[in-house]
Amino acid sequence: MAVPEKAAGRVASVMQEDRVFPPSAEFSKGARIGSLADYKKIYDEAASDIEGFWHSRAQDLPWMKPYSKVLDWQPPVAKWFVDGHTNASAACLDQHIAAGKGDKIAMVWVGEPTGERREFTYRQLHAEVCRFAAGLEKLGVKPGEVVSIYMPMTPELVIAMLACARIGAVHSVIFGGFSSEAIADRNQDAKAVAVITSDGGWRRGAQLPLKKNVDDALKSKAHPATTVKHVIVLKRTGQAVDMVPGRDLWWHDVVAGMPADHPPAAMDSEAPLFILYTSGSTGKPKGIKHTTAGYILWAKTTSEWVFDLREEDLFWCTADCGWITGHSYVTYGPLAAGASILIYEGAPNAPHEGRFWEIIEQEKPTIFYTAPTAIRSFMKWGMQHIEGRDLSSLRLLGTVGEGINPEAWVWYHEVIGGKRCPIVDTWWQTETGGIMMSPLPGCTPTKPGSCTLPLPGVCPEIVDAAGDAVEQGEGGWLVMTKPWPGMLRGIWGDDERFQETYWSRVPGKYLAGDNARQDKDGYYWIMGRIDDVLNVAGHRLSTIEIESALVSHPDVAEAAAVGRPHDVKGEAVAVFVTLKSGEPNDALKDALRKHVRQQIGALAVPDDIHFSATLPKTRSGKIMRRLLRDIAAGRETVGDTTTIEDYTVLAKLRDDE
Ligand code: WT7
């Protein structure tokens with residue numbers, strides 16, 4: 001199979017296969033996996049005896065009832081640690097207290113806008129989680145019921161997640177940037193029984209109307225969520241909110257008088273721990289389902305391997321808990337590993353563009369994990385924000401969310417890492433639960449732009465459309481040939497879509513949805529999606545979701561959304577719109593942007609809007625996305641692309657899609 005079109009450009013411009021940075025000797029000492037030889041041995045061990053390998057690692061979890069079998073694999077249905085009982089919040093909290101680490105710092109929080117600071121020892125965090133868990137239980141929330149969480153990055157967001165886990169409720173965290181319609185859709189799909197939110201959140205000194213968005217969601221006609229009985233509201237900004245009697249309760253009232261110790265529920269290994277909605281190649285976001293034992297083991301083990309977590313580390317992952325990174329590497333992974341985490345509520349550029357470096361100077365995190373889009377912003381904002389800052393506490397840097405361009409990698413290494421910190425470029429997905437491919441800081445030589453090698457227990461393959469492995473060096477679809485403990489267990493309420501999306505195009509193998517290539521050293525290079533999913537500033541967006549939002553506007557007849565290269569966001573959203581009424585002017589562009597913001601959220605607002613008399617289509621009526629991508633990227637022009645365009649001529653030339 002030829003290297004896919006989207007990937008071809010990257011291969012030429014990005015791959016620097018021969019540029020190798022050696023692993024850090026400092027990391028090899030005392031590391032869990034300390035040399036390439038060690039890695040190979042452990043990798044082979046896991047690949048040859050997957051059950052034995054995970055059985056020995058699972059001994060670290062707090063089992064309330066032992067499992068009878070490590071793995072029951074009937075593709076695509078995996079059951080890990082069959083019949084065992086455990087609890088994810090006990091793995092993150094009780095375990096460490098029992099081991100005498102109750103006074104260790106679990107979490108340090110820095111808030112916006114005034115730089116408030118709070119810290120929690122493991123014992124204190126445990127007490128907060130217990131109180132809130134007991135409060136939820138008193139409200140009648142039952143194991144297996146879904147609780148939506150729509151909150152700013154406050155300690156209470158982490159507490160809410162762990163409290164749900166403690167009583168066996170399934171949390172569904174909805175990123176604070178999503179709109180009320182998006183909340184409504186998720187509440188309805190998940191049949192949420194409660195929503196946890198806050199009066200508002202701070203963003204660059206302004207107040208976000210979080211509670212109001214929840215209120216509007218609960219009034220949605222398009223997505224009525226009749227199952228929601230309670231809305232619990234944290235007082236964060238103090239802004240005025242409407243409290244609906246009988247439905248709405250303040251967080252502080254829910255926890256009042258609740259005990260500081262509340263036993264964790266014994267949950268089946270395969271009981272759902274959370275669902276997290278993500279975009280796919282159809283319009284409707286899918287609720288990715290993760291379960292208890294396998295997920296927590298995966299999050300913990302990968303945290304330990306990739307970040308080399310040690311007793312004295314302070315781990316700052318800048319992700320919001322609204323995304324999988326915030327689930328696995330803010331909350332569950334590092335806490336299950338007994339580490340100290342740093343969380344920050346605000347934006348990286350408020351009140352100034354050096355805010356992250358100021359926080360590093362003050363809080364002295366040792367590990368810093370962020371996204372390439374953020375790194376490109378830092379580069380753009382300039383050295384004046386970094387020079388003079390003491391970043392010497394850092395010993396390890398990580399990136400996630402999209403491929404990192406080598407220029408940004410080298411900048412990150414030199415400027416932020418002072419040339420001494422290894423960089424772990426971690427490839428994974430909402431679906432994989434945790435990191436799948438990444439260098440290990442003590443042993444893997446790194447190449448800027450490559451996520452290098454699979455972790456032990458991860459068995460990738462690159463295949464062609466017939467499902468056959470390609471020759472080394474050729475591009476193709478990335479699949480996983482064996483199950484792993486952290487893998488998704490389904491799409492909430494849609495087994496058919498689960499089967500269809502991930503397991504049917506290459507039967508019996510997990511289709512990741514990315515193109516990839518392996519170089520001569522066996523290193524993996526991710527080369528973009530195989531579907532119409534966009535990656536805008538590390539956020540996953542579906543083109544069809546954006547198109548559906550646009551056509552729900554009364555003036556729009558038809559819409560097509562595509563990605564185009566963007567130097568900071570990686571990809572930007574460009575849309576082509578045909579109108580049935582209204583004038584193709586700036587006022588309508590504004591109205592359409594506002595409409596998408598209402599339907600999905602600010603993160604999906606198109607960067608470019610092109611009005612067009614028609615959309616170019618193939619004879620069979622398919623929109624010619626490749627042509628639109630070329631036009632959006634400026635590779636192909638048809639006059640002034642910001643006004644009415646007629647693609648007829650080009651469409652005739654390119655009837656091959
Ligand atoms: C998609 C998953 C993983 C948590 C955040 C995103 C892209 C992610 C990398 C990387 C190249 C990457 C892939 C993947 N991606 N990390 N290190 N190198 N691409 O999770 O929203 O589920 O998106 O992000 O395309 O499929 P997500």
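Below is a short write-up of the structure.

1. Structural notes on the overall build of the chain
If you tally the helices and strands in the chain, you get 20 helices and 30 strands. For 657 residues, the compact-globule estimate of 2.2 N^0.38 gives 26 Å, and the chain sits close to it at 24 Å. Taken along the three principal axes of its C-alpha coordinates, the chain extends 75 × 65 × 55 Å. Scored against the burial criterion, the 657 residues of the chain give a buried share of 61%. Taking contacts inside the chain between residues at least 6 apart in sequence as the whole, the part at least 24 apart equals 72%. Of the accessible surface of the chain, which amounts to about 23800 Å², a share of 51% is contributed by carbon and sulfur atoms. Here the chain contributes 71 positively and 84 negatively charged side chains, and the mean placements of these two sets differ by 2 Å.

2. Side note on the sheet that holds strand β5 (residues 117-121)
The sheet built from 7 strands is open, its strands ordered β5-β4-β17-β16-β18-β19-β20 with mixed pairing. If you trace the sheet from one side to the other, it starts and ends with β5 and β20 (423-426), each paired once. Each strand axis lies, on average, 20 degrees off the axis of its neighbour in the sheet, ignoring direction. Summarising the sheet, strand β19 (residues 396-400) and β20 pair through 4 bridges and their orientation is parallel. Pairing of L397 across the sheet is with I423, part of β20. Against the sheet, helix α11 (residues 293-307) contacts β16 (314-317), β18 (367-370), β19 and β20, and its axis sits at roughly 145 degrees relative to β20.

3. A look at the environment of Y43
Counting through the fold element by element, Y43 comes out in helix α3 (residues 36-48). Assessed through its relative accessible area of 16%, Y43 is described here as buried. It is 7.1 Å that separates the C-alpha atoms of Y43 and L455, two residues lying 412 residues apart in sequence. The contact partners of Y43, leaving out residues within four places of it in the chain, are P454, L455, P456, V458, C459 and P460.

4. Regarding the site of the ligand
Taken together, 17 residues are adjacent to the ligand, and D425, T426, T430, D514 and R540 come closest. The contact in question runs from a nitrogen atom of the ligand to an N or O atom on the backbone of G403, over 3.4 Å. One nitrogen or oxygen atom from the side chain of D514 is found 2.8 Å from an oxygen atom belonging to the ligand. Burial of the ligand by the protein amounts to 93% of the accessible area it has alone, namely 550 Å². Secondary-structure elements contributing two or more residues to the shell around the ligand are α12 (324-336), β20 and β25 (524-529).

About the criteria used
- Residues numbered from 1 in each chain as written.
- Predicted model: local features only at pLDDT ≥ 70, side-chain atom pairs only at ≥ 80, totals over all residues.
- Heavy atoms only, no water.
- Helix = DSSP H or I, 4+ residues; strand = E, 2+ residues; numbered from the N terminus.
- Rg over C-alpha atoms; globule rule 2.2 N^0.38 Å.
- Buried < 20%, exposed > 50% of the residue type's maximum accessible area, 1.4 Å probe, protein only.
- Contact = heavy atoms within 4.5 Å.
- Areas by Shrake-Rupley, 256 points an atom, 1.4 Å probe, with all protein chains shown as cover.
- Lys, Arg positive; Asp, Glu negative; His and termini not counted.
- Charge placed at Lys NZ, Arg CZ, Asp CG, Glu CD.
- Pairing = 2+ DSSP bridges.
- Axes fitted to C-alpha atoms, helices over the stretch in contact; angles between N-to-C directions.
- Near = heavy atom within 4 Å.
- Polar contact = N/O pair within 3.5 Å; in protein donor to acceptor, adjacent residues only side chain to side chain.

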